[in-house]
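# Observations on the three-dimensional arrangement
If you want the building blocks of each chain, they are given just below.
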Amino acid sequence: MSTRRFRTFLHENSLSLAFGALFLAALAAQALAGVAEYNDQQIADGLAHVSVAEYVTSSDYAVDVAENWQSEFLQFFLYITATIWLVQRGSPESKPVGEEGRGTDEEQKVGAYATDETPSAATLGGLTARLYARSLGLVMGTIFVACWLTQSIAGWATYNEERLTQLRDPLSWPGYLASADFWSRSLQNWQSEFLAVGAMAVFSIYLRERGSAESKPTGEPDSVTGVSS
């Protein structure tokens, strides 16, 4: 790849690359902070230190990561699907009032209204086209379920480790799913995600961020709905 093409690639993909880099940096920093906290507890319990590699492959690290991931993907799954039918007058995060629903073939550029640029999956018809039309929500929902399962299994292992050190009987996986520990971990993340999404939808009615794709143009009236810069 030439230098010019490489620079073009970086520019055209700068948003995903920047957040990808931030994600990896935060994940690594979490591992370092987490192993330090974990080893402090090991010292207090009279146990041996663990290495970073041992920590990042432990259930303690897995449950902390998975419980955050599942709440994020739950947020996006719910918002993607809720905004099909629910609206917020004045918010750029909403479709205009009166345009609820999945839209017509003409609006979606499918069927007789497909163009040369329409993705091939949308033109095949049948199950393929129906799945493609719902693919974003399906993928987000699937990742949420996968992260939720990972969190529940890792959390179950961590919880039982603590119970065994206290000379208490371990719980079964269904027993852990019904426990306060599992739901406390889940709900403390879910409530913050729901608050953030709701706040964004409402604040963006009245507030602006010039040049942002998540904001209405600075001079647009508060009542205008579904308009971004």
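Residues numbered from 1 in each chain as written. Predicted model: local features only at pLDDT ≥ 70, side-chain atom pairs only at ≥ 80, totals over all residues. Heavy atoms only, no water.

Turning our attention to the packing of aromatic side chains. As enumerated under the stated definition, the model contains eight aromatic pairs in all. When the centroid spacing of 5.7 Å and the interplanar angle of 50 degrees are considered together, the rings of Tyr38 and Tyr55 count as tilted. In this pair, Tyr38 is assigned in helix α2 (residues 14-44) and Tyr55 in helix α3 (residues 52-56), connecting sequence segments 17 residues apart. Here Tyr38 falls in the partly exposed class, since its relative accessible area comes to 22%. Of the aromatic side chains, those joined through ring pairs into one cluster are Trp148, Tyr159, Tyr176, Phe182, Trp183 and Trp190. (Phe/Tyr/Trp six-rings, centres within 6.5 Å; stacked < 30°, edge-to-face > 60°. Helix = DSSP H or I, 4+ residues; strand = E, 2+ residues; numbered from the N terminus. Buried < 20%, exposed > 50% of the residue type's maximum accessible area, 1.4 Å probe, protein only.)

Let's shift gears to the layout of surface pockets. In this structure, the largest pocket spans a volume of roughly 990 Å³. In this structure, the largest pocket is lined by 35 residues; those nearest its centre are Arg102, Gly103, Gln108, Ala133 and Arg134. Residue assignment for the lining of the largest pocket shows that the elements contributing at least two residues are α4 (59-85), α5 (105-108), α6 (120-123), α7 (126-133) and α8 (135-165). Looking at the lining of the largest pocket, the element that brings in the most residues is α4, giving five residues. By residue class, the composition of the lining of the largest pocket is 12 nonpolar, 13 polar and 10 charged. What the second largest pocket holds in volume is close to 440 Å³. Forming the walls of the second largest pocket are 16 residues, and the residues nearest its centre are Tyr38, Gln41, Asp60, Thr158 and Glu162. Among the elements of the structure, α2, α4 and α8 are those that each provide at least two residues to the lining of the second largest pocket. Element by element, the count of residues in the lining of the second largest pocket is highest for α2, at five residues. (1 Å grid on protein atoms, 1.4 Å probe; cavity = no way out; pocket = protein on both sides within 12 Å on 5 of 7 lines; lining within 4 Å. Points joined across faces, edges and corners; volume = space filled by probe spheres on them. Nonpolar A, V, L, I, M, F, W, Y, C, P; charged D, E, K, R; others polar.)

For the rest of this paragraph, the subject is the pattern of salt bridges. According to the stated counting rule, one finds four salt bridges in the structure shown. Its salt-bridge partner being Arg208, residue Asp222 comes within 3.0 Å of it at the nearest N-O pair. Of this pair, Asp222 sits in the segment after α10 (180-206) while Arg208 sits in the segment after α10, and the two are 14 residues apart along the sequence. Asp222 gets classed as partly exposed once you look at its relative accessible area, which sits at 34%. Residue classification places Arg208 among the partly exposed positions, given a relative accessible area of 22%. (Salt bridge = Lys/Arg side-chain N within 4 Å of Asp/Glu carboxyl O.)

So, about the confidence of the model for the chain. Averaged over every residue, the pLDDT of the chain is 91; the share at 70 or more is 99%. Taken element by element, the predicted model of the chain shows its lowest mean pLDDT in α6 (89) and its highest in helix α9 (residues 173-177) (95). (pLDDT = per-residue confidence, 0-100.)

Across the interface, α2 lies against α4 with an axial gap of 10 Å and an inter-helix angle of 140 degrees. The pairing of α2 with α4 is recorded here as oblique in orientation. Every pair of crossing elements has a handedness; the one defined by α2 and α4 is right-handed. Of the residues in α4, those touching α2 at Phe23, Leu27, Gln30, Ala31 and Tyr38 are Asp60, Tyr61, Asp64, Val65 and Trp69. (Axes fitted to C-alpha atoms, helices over the stretch in contact; angles between N-to-C directions. Parallel < 35°, antiparallel > 145°, perpendicular 65-115°, else oblique. Left-handed = near helix turned anticlockwise from the far one by under 90°. Contact = heavy atoms within 4.5 Å.)

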